Amino acid sequence: MPLPPTARPYDRNGSPAPSPEYTGQPAPQIQHWDCAHGDFHAANLTQGATLLDWEGWGLAPRGYDLAMLYTYAQLAPATAAHIRREFAPLLDSAAGGTALRVVCAELLQSASRGDHPELTPRLRALVGRC
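Every value quoted in this text rests on a predicted model; they were computed, and no experiment measured them.

Cut-offs applied
Residues numbered from 1 in each chain as written. Predicted model: local features only at pLDDT ≥ 70, side-chain atom pairs only at ≥ 80, totals over all residues. Heavy atoms only, no water. Axes fitted to C-alpha atoms, helices over the stretch in contact; angles between N-to-C directions. Helix = DSSP H or I, 4+ residues; strand = E, 2+ residues; numbered from the N terminus. Parallel < 35°, antiparallel > 145°, perpendicular 65-115°, else oblique. Contact = heavy atoms within 4.5 Å. Nonpolar A, V, L, I, M, F, W, Y, C, P; charged D, E, K, R; others polar. Expected span 1.5 Å × (residues − 1). Buried < 20%, exposed > 50% of the residue type's maximum accessible area, 1.4 Å probe, protein only. Lys, Arg positive; Asp, Glu negative; His and termini not counted. Salt bridge = Lys/Arg side-chain N within 4 Å of Asp/Glu carboxyl O. 1 Å grid on protein atoms, 1.4 Å probe; cavity = no way out; pocket = protein on both sides within 12 Å on 5 of 7 lines; lining within 4 Å. Points joined across faces, edges and corners; volume = space filled by probe spheres on them.

(A) Layout of the packing of helix 2 (residues 64–72) against helix 3 (residues 77–86). At a minimum axis distance of 8 Å, the contact between helix 2 and helix 3 shows a crossing angle of 150°. Accordingly, the angle class assigned to the pair helix 2 and helix 3 is roughly antiparallel. On helix 3, the residues touching Leu 66, Leu 69 and Tyr 70 of helix 2 are Ala 80, Ile 83 and Arg 84. Tallied by class, residues from the contact of helix 2 with helix 3 come to 5 nonpolar, no polar and 1 charged.

Here it is as structure tokens:
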């Protein structure tokens, strides 16, 4: 769902994305916003493909959920490669690159507080490719 044509920095909770501090890149300008789950990763999917944990849903940059799934999959390279192949049109688009930078910044910020520190090197490498 496009918002007004003026690009604006991501502000899921009323503040800019933590991009500069955690990625060394300026906060991305979000052109397109879509409805998103907000925490889309394997731990929130059941075997029957039911999606759990909806308290963070709302508007997010286009491709945010897919970027979240892909970034968490970095610890399982074959799975990450499969996601990348299947969803290349979105992940390789400008919107996909923006979503990846936003998600990487958020997860790097979270890792700095002790959450999933094993992801940090892979997230830094991914930011370098976005």
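Don't stop here, the text continues.
(B) Layout of helix 5 (residues 94–112). In this model helix 5 runs 27 Å from its N-terminal to its C-terminal C-alpha over 19 residues, within 8% of the 27 Å that 1.5 Å per residue would give. Looking one or two places after helix 5, you find Gly 114, whose phi comes out positive at around 105°.

(C) Geometry of the side chain of Arg 101. The residue Arg 101 is located in helix 5 in this model. In this structure, Arg 101 is buried with no salt-bridge partner, the nearest side chain bearing the opposite charge being Asp 92 at 11 Å. Sequence-distant contacts of Arg 101, defined by excluding residues within four places in its chain, comprise Ser 19, Thr 23, Gln 25, Pro 28 and Cys 130.

(D) Main features of empty space enclosed by the protein. What the rule picks out here adds up to 1 cavity of 30 Å³ or more. Within this model, the largest cavity holds a volume of roughly 30 Å³. The leading source of residues in the lining of the largest cavity is helix 5, at 3 residues. In the lining of the largest cavity, the residues fall into 5 nonpolar, 2 polar and 1 charged.

(E) Layout of the pattern of salt bridges. Evaluated as defined, the whole model comprises 2 salt bridges. With a shortest N-O distance of 3.0 Å, Asp 34 and Arg 62 are connected by a salt bridge. Of the two residues, Asp 34 sits in strand 3 (residues 33–36) while Arg 62 sits in the loop between strand 4 (58–61) and helix 2, which places them 28 residues apart along the sequence. Look at Arg 62 and you get partly exposed, because its relative accessible area is 28%. For Arg 84, the salt bridge goes to Asp 92, with nearest N and O atoms at 2.5 Å.

(F) Structural context of unusual backbone geometry. The phi dihedral of Ala 49 falls on the positive side, at around 65°, and the residue is not glycine. Under the relative-accessibility criterion, Ala 49 is labelled exposed at 62%.

(G) Layout of the environment of Tyr 70. Position of Tyr 70 relative to the elements: it lies in helix 2. The exposure class of Tyr 70 is buried, given its relative accessible area of 7%. Those residues within four positions of Tyr 70 in sequence are excluded, and the remaining contacts are Ala 80, Ile 83, Arg 84, Leu 91, Leu 100, Leu 126 and Arg 129.

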